[in-house]
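# Structural features, examined
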Amino acid sequence: MSREGRWVLSVLMWTWGGAAYFLLEVAYKTARGEPERISWTMLVLAAILCIPIERAGAEMPWDVPLWIQAAGCAVLVTATELIAGLILNVWLGLGVWDYSDLWGNLWGQICPQFAAIWWGLCLVFIPVFDWMRYAVAGGERPRYRVI
């Protein structure tokens, strides 16, 4: 696959991943009775957050255990969530999310509970992206180490 083709494939995966996460966000906020807190900014942020997740699967060697790949991605996602939260929720006052009522939160923007959720989602999204890449571009068949 050409360099341009790999770039297009990555952008498509980021878009797919962002849309998939956004739908989870919509379902979660609707189920909690907070549909007014659904924001298009989450779709954009989710697509951006898919970049390190997709790149981790593409660039990390197969011998790096999947849980470590997911942990690294979860740290990046949580850091990005903090930055985005400070901009969207604190500075712009959009109120897209608020973790103030959760233990261990930092300024209501991040908390350990959601960092754990990001880790779990990364455990799912990294292999999904790897298999999508393999299905379209070929190359080495995805394989994972648990430990």
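Everything here concerns the structure above.
### Observations regarding the overall build of the protein
Of regular secondary structure, the protein possesses 4 helices and 0 strands. Starting at the N terminus, the α and β elements of the protein follow one another as α-α-α-α. What you see for the protein is a C-alpha radius of gyration of 16 Å, in line with the 15 Å of a compact globule of 147 residues. With respect to the principal axes defined by its C-alpha atoms, the protein has extents near 45 × 30 × 25 Å. Every one of the 147 residues in the protein was classed for burial, and the buried ones make up 37%. Here the contacts in the protein between residues at least 6 apart in sequence split such that 62% fall between residues at least 24 apart. When the accessible area of the protein is evaluated, it comes to approximately 8,400 Å², of which 71% is carbon and sulfur surface. With 10 positive and 12 negative side-chain charges, the protein shows a spacing of 7 Å between the two charge centroids.

### Here we look at the layout of surface pockets
Unoccupied space between atoms shows up once a probe the size of one water molecule is rolled over them. There is about 640 Å³ of room inside the largest pocket. If you trace the largest pocket, you find 28 residues lining it, with Tyr21, Glu25, Tyr99, Phe114 and Trp118 closest to the centre. Looking at the lining of the largest pocket, the elements that each hand over two or more residues are α1 (3-31), α2 (40-59), α3 (66-91) and α4 (112-137). Split by residue class, the lining of the largest pocket holds 20 nonpolar, no polar and 8 charged. Considering only enclosed or pocket space, the second largest pocket measures out at about 470 Å³ in volume. In this structure, the second largest pocket is lined by 20 residues; those nearest its centre are Arg6, Arg55, Ala58, Arg133 and Ala137. Put simply, the parts of the chain that give the lining of the second largest pocket at least two residues each are α1, α2 and α4. Among the elements that take part in the lining of the second largest pocket, α1 stands out by supplying 6 residues, more than any other. Here the residues of the lining of the second largest pocket sort into 9 nonpolar, 4 polar and 7 charged.

Thresholds, definitions, all that
Residues numbered from 1 in each chain as written. Predicted model: local features only at pLDDT ≥ 70, side-chain atom pairs only at ≥ 80, totals over all residues. Heavy atoms only, no water. Helix = DSSP H or I, 4+ residues; strand = E, 2+ residues; numbered from the N terminus. Rg over C-alpha atoms; globule rule 2.2 N^0.38 Å. Buried < 20%, exposed > 50% of the residue type's maximum accessible area, 1.4 Å probe, protein only. Contact = heavy atoms within 4.5 Å. Areas by Shrake-Rupley, 256 points an atom, 1.4 Å probe, with all protein chains shown as cover. Lys, Arg positive; Asp, Glu negative; His and termini not counted. Charge placed at Lys NZ, Arg CZ, Asp CG, Glu CD. 1 Å grid on protein atoms, 1.4 Å probe; cavity = no way out; pocket = protein on both sides within 12 Å on 5 of 7 lines; lining within 4 Å. Points joined across faces, edges and corners; volume = space filled by probe spheres on them. Nonpolar A, V, L, I, M, F, W, Y, C, P; charged D, E, K, R; others polar.

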